Amino acid sequence: MSAQSPTVATACASIRFAELVELLQQVFVRHGTSPQVAAILAHNCASAERDGAHSHGIFRIPGYLSTLASGWVNGNAVPNVTDVASGCVRVDAGNGFAQPALAAARPLLVEKARSAGIALLAIHNSHHFAALWPDVEPFAEEGLVALSVVNSMTCVVPHGADRPLFGTNPIAFAAPRADGAPIVFDLATSAIAHGDVQIAARKGERLPAGMGVDSLGQPTQDPKAILEGGALLPFGGHKGSALSMMVELLAAALTGGNFSFEFDWTDHPGARTPWTGQLLIVIDPSKTAGQSFAQRSQELVRQMHAAGLRRLPGDRRHRTRAKSQETGIELDAQALRELRALAAG
Ligand SMILES: NC(=O)C1=CN([C@@H]2O[C@H](COP(=O)(O)OP(=O)(O)OC[C@H]3O[C@@H](n4cnc5c(N)ncnc54)[C@H](OP(=O)(O)O)[C@@H]3O)[C@@H](O)[C@H]2O)C=CC1
Ligand SMILES: O=C(O)C1=NCCCC1
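Residues numbered from 1 in each chain as written. Chains lettered and ligands numbered in written order. Predicted model: local features only at pLDDT ≥ 70, side-chain atom pairs only at ≥ 80, totals over all residues. Heavy atoms only, no water.

A. Just the packing of aromatic side chains, in detail. In this structure the tally under the stated criterion is 9 aromatic pairs. Arranged with centres 5.0 Å apart and planes meeting at 85°, the rings of Tyr64 and Phe129 form a pair that is edge-to-face. With Tyr64 in helix H3 (residues 61-70) and Phe129 in the loop between strand S4 (118-127) and helix H5 (133-141), the pair connects residues that are 65 residues apart, well separated along the chain. Classification of Phe129 as buried rests on a relative accessible area of 8%. One aromatic cluster is present, built from ring pairs that chain together Phe28, Tyr64, Phe97 and Phe129. (Phe/Tyr/Trp six-rings, centres within 6.5 Å; stacked < 30°, edge-to-face > 60°. Helix = DSSP H or I, 4+ residues; strand = E, 2+ residues; numbered from the N terminus. Buried < 20%, exposed > 50% of the residue type's maximum accessible area, 1.4 Å probe, protein only.)

Below is the structure:
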């Protein structure tokens, strides 16, 4: 898992989810986070790995650790939760990670959503370096609908513009359904996530057409040309670009966080985490739909399948999760050795 050198394919090793969480927890604590922060980040990162969301699983560990070592983020931050209005909670993450801020505000957010029908959580002064679905899926598991957006760091050229401005700015949504796992999608508003470009560069693979441009603004399928002076494009031209703009407004302007272009980490070599904001909207569907929402969402899924759909968003993750639960999480053996070494000191 060296951040620099290409990964040479090695033997596979298998690890149980709980063991991976514990190992990652030790890694985070060893590298400067509080045990509370470590527990949350470790669970998040292991969940991504378990579900096959590789661009935001253990691949991210070198970035987390170099960021912590650079002093860019506060691994011991204690979030400050403010009850601002009947349907509104604000958290200052204290220049710490966003997930502990969400965890700190979660009980109040759920209480407000259940009493008012809808509640907003605005997190600012925060770093989000992870997949977004783990932030929304648990709400749907308890019968709520959740939507979240987070902005990242400048690397996407707005449609029709000349230079990068937006982040890869993901949107995640989760809704309960009567039979089966909640409906969840989580997508970057760029044509491809930055993490997947890094992974392709490391493997020496070319990208599909339409993902990015080189330093001269020319279309390229070479991930290194995108990473070294080039940029990504939004997905779907002007449509993805509009959604990315919306994410900047909701995750930064509305929360009091930084836009993707508003932070400067040049004095912190090794820093990798965007210092931005995150917004969550949580809805209690029973207020408008009675008990029927989950039945209605189930009916929608049934009709989609009847129309020929074979794969719902989230299906691949759940298949991978089920396999991991049976056989353990498969990791590159060398990566696992490196994690153990990081945990040891
Ligand atoms: N923290 C941050 O700042 C950032 C985080 N990210 C994260 O990167 C991750 C990857 O994003 P991205 O590359 O856009 O994700 P993908 O394009 O891989 O997937 C996007 C969504 O579409 C679903 N999906 C993919 N292919 C199909 C298909 N053929 N049919 C039906 N559904 C499909 C996926 O479900 P499934 O998962 O089951 O495949 C997923 O819900 C996300 O978790 C995102 O949160 C991205 C940008 C910034
Ligand atoms: O993959 C991405 O795109 C990002 N992930 C974590 C935060 C920065 C952008």
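From this point, the discussion proceeds with the structure in view.
B. Representation of the site of ligand 2 in the model. The environment of ligand 2 is made up of His56, Arg60, His128, Phe129, Ser152, Met153, Thr168, Ala193, His194, Gly195 and Pro274. In this structure, an oxygen atom belonging to ligand 2 sits 2.9 Å away from a main-chain N or O atom of Gly195. Notes on ligand 2: free accessible area 260 Å², of which the protein chains cover 94%. Taken together, the residues of the shell around ligand 2 sort by class into 4 nonpolar, 6 polar and 1 charged. (Near = heavy atom within 4 Å. Polar contact = N/O pair within 3.5 Å; in protein donor to acceptor, adjacent residues only side chain to side chain. Areas by Shrake-Rupley, 256 points an atom, 1.4 Å probe, with all protein chains shown as cover. Nonpolar A, V, L, I, M, F, W, Y, C, P; charged D, E, K, R; others polar.)

C. Up close: the site of ligand 1. Lining the immediate surroundings of ligand 1 are 21 residues, of which Ala130, Asp186, Ala188, Arg311 and Arg316 lie closest. A distance of 3.3 Å separates an oxygen atom of ligand 1 from a polar atom in the side chain of His56. At a separation of 2.9 Å, an oxygen atom of ligand 1 approaches a polar side-chain atom of Arg311. Coverage of ligand 1 by the protein chains reaches 74% of its 920 Å² of free accessible surface. Those elements that place two or more of their residues in the shell around ligand 1 are strand S7 (183-187) and helix H11 (315-327). For the shell around ligand 1, the residue count by class is 10 nonpolar, 5 polar and 6 charged.

D. Representation of the packing of helix H2 (residues 35-50) against H5. Closest axis-to-axis distance for the H2/H5 pair is 10 Å, and the angle between their directions is 90°. The angle between H2 and H5 falls in the class roughly perpendicular. Touching Asn44, Ser47, Ala48 and Arg50 of H2 are Trp133, Pro134 and Asp135, all from H5. For the contact of H2 with H5, the per-class residue count stands at 3 nonpolar, 2 polar and 2 charged. (Axes fitted to C-alpha atoms, helices over the stretch in contact; angles between N-to-C directions. Parallel < 35°, antiparallel > 145°, perpendicular 65-115°, else oblique. Contact = heavy atoms within 4.5 Å.)

E. Broad picture of the environment of Ala42. Within the fold, Ala42 resides in helix H2. For the pair Ala42 and Leu20, spaced 22 residues apart in sequence, the C-alpha separation works out to 8.0 Å. For Ala42, the contacting residues outside a window of four places in its chain are Val21, Leu24, Gln25 and Phe28.

F. Looking closely at the nonpolar core. Core analysis: the biggest nonpolar cluster contains 30 residues, and Leu20, Leu24, Phe28, Ile58, Ile61, Tyr64 and Leu339 have the highest contact counts within it. Counting 28 residues, the second-largest nonpolar core is a separate cluster that includes Ala101, Leu109, Leu132 and Val282. (Core = buried A, V, L, I, M, F, W, Y, C linked by side-chain atoms within 4.5 Å.)

G. The sheet that holds strand S10 (residues 231-232), seen in detail. Spatial ordering of the open sheet is given by S9-S8-S10, a layout of 3 strands whose pairing is antiparallel. The open sheet has two edge strands, strand S9 (219-220) and S10, and neither has a second partner. In the sheet, strand S8 (residues 212-213) pairs with S10 via 2 bridges, with the strands oriented antiparallel. By the bridge assignment for S10, Val213 is matched with Ala231. (Pairing = 2+ DSSP bridges.)

H. Representation of the pairing of S4. Burial analysis of S4 places 7 of its 10 residues in the buried class, the great majority of the element. Both strand S3 (residues 88-97) and S4 contribute to a ladder of 7 bridges, which runs parallel. What sits directly across from Asp92, in S4, is His124. Of the pairings in the sheet, the one linking S4 to strand S11 (residues 275-283) comprises 8 bridges and is antiparallel in character. Paired with Ile118 across the two strands is Ile283, which belongs to S11.

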